[in-house]
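Letter by letter, the chains look like this.
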Amino acid sequence: DALQVRCKGCSDRDLLALTTEARSAAPEKLAILVNARPDIVLAAGAQGVHLPAAGLPIAPVRRALDALPGGPLLIGRSTHSVEEIRLARDQGADFALFGPVFETPSKAGRMAPRGLRLLTAAVATGLPVLALGGVDASNARQIVDCGASGLAAIRWFEDPVAGGAQFQAVLRLWQAA
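This section reports on the structure supplied with the text. (Residues numbered from 1 in each chain as written. Predicted model: local features only at pLDDT ≥ 70, side-chain atom pairs only at ≥ 80, totals over all residues. Heavy atoms only, no water.)

Looking at the nonpolar core
Nonpolar side chains in soluble globular proteins tend to be buried together.
Next, step 1: Counting 36 residues, the largest nonpolar core has Val-49, Ile-75, Ile-85, Phe-98, Leu-119 and Ile-143 as its most contacted members.
Next, step 2: Every residue in contact with Val-49, bar those within four places of it in the chain, is listed here: Leu-33, Val-34, Ala-36, Arg-37, Pro-38, Val-41, Val-61, Leu-65, Leu-74, Ile-75 and Gly-76.
Next, step 3: Formed by 5 residues, the second largest nonpolar core is a distinct cluster that contains Leu-33, Phe-95, Leu-97 and Ala-152. (Core = buried A, V, L, I, M, F, W, Y, C linked by side-chain atoms within 4.5 Å. Buried < 20%, exposed > 50% of the residue type's maximum accessible area, 1.4 Å probe, protein only. Contact = heavy atoms within 4.5 Å.)

Comments concerning helix α4 (residues 82–91)
Next, step 1: Taken together, the buried positions of α4 are occupied by Val-82, Ile-85 and Ala-88. The arc enclosing the buried residues of α4, seen along the axis, measures out at 120°, which places them on a common side. Every exposed residue of α4 that faces more than 90 degrees away from the buried side is listed here: Glu-83 and Asp-90.
Next, step 2: Positive phi appears at Gly-92, one or two residues downstream of α4, with a value of about 105°. (Helix = DSSP H or I, 4+ residues; strand = E, 2+ residues; numbered from the N terminus. Arc of directions from axis to C-beta.)

Some points on the environment of Arg-13
Next, step 1: If you trace the backbone, Arg-13 turns up in helix α1 (residues 12–25).
Next, step 2: Separated by 71 residues in the primary sequence, Arg-13 and Glu-84 place their C-alpha atoms 32 Å from one another.

Quick word on the pairing of strand β4 (residues 74–79)
Next, step 1: For β4, the buried fraction is high: 5 of the 6 residues fall into the buried class.
Next, step 2: Alignment of strand β3 (residues 48–51) against β4, held across 4 bridges, turns out to be parallel. The partner of Gly-48 across the bridge, within β4, is Leu-74.
Next, step 3: Note on the crossover from β3 through helix α3 (residues 58–66) to β4: the handedness is right-handed.
Next, step 4: In this structure, β4 lies alongside strand β5 (residues 95–98), joined through 4 bridges in parallel fashion. Within β5, the position partnered with Gly-76 by the bridge is Phe-95. (Pairing = 2+ DSSP bridges. Right-handed = clockwise from strand over helix to strand, strands pointing away.)

Here's what the structure looks like:
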């Protein structure tokens, strides 16, 4: 449903160009979200912003984006606890990424996996939750079974052909759930 443009270390100009290119190439129904940069969202005509856990506060971003013509834009928040999800929900986020659910190299030694029990509790908050962190074809069914609204992955799609075929199978799981 969405593609997040995230390019740590990119210049503002390069991030805008990347987002504009993603927006141009994407099917109309695919939402393009930009990591941490509402200004790039507006400049590129993207559909929303994904705010890091320690990023901009949701409420003023929501007020600013809702004041613009063209319909509501999506706001997501990275979260690592059920309390952070509740806060994001109460501040007006449209969804939350929650994780890491499983072991992942990007968080090794910095953040312990949250696990399926906490993912289930996160889903129970009522805010749509996407699972992130160590997600791949081997554990996607567990995420579906926890009731998550979706999943997010990085390493899984490093090989777009293999990852894409596996992902199609996961999409069929959600349709059947």
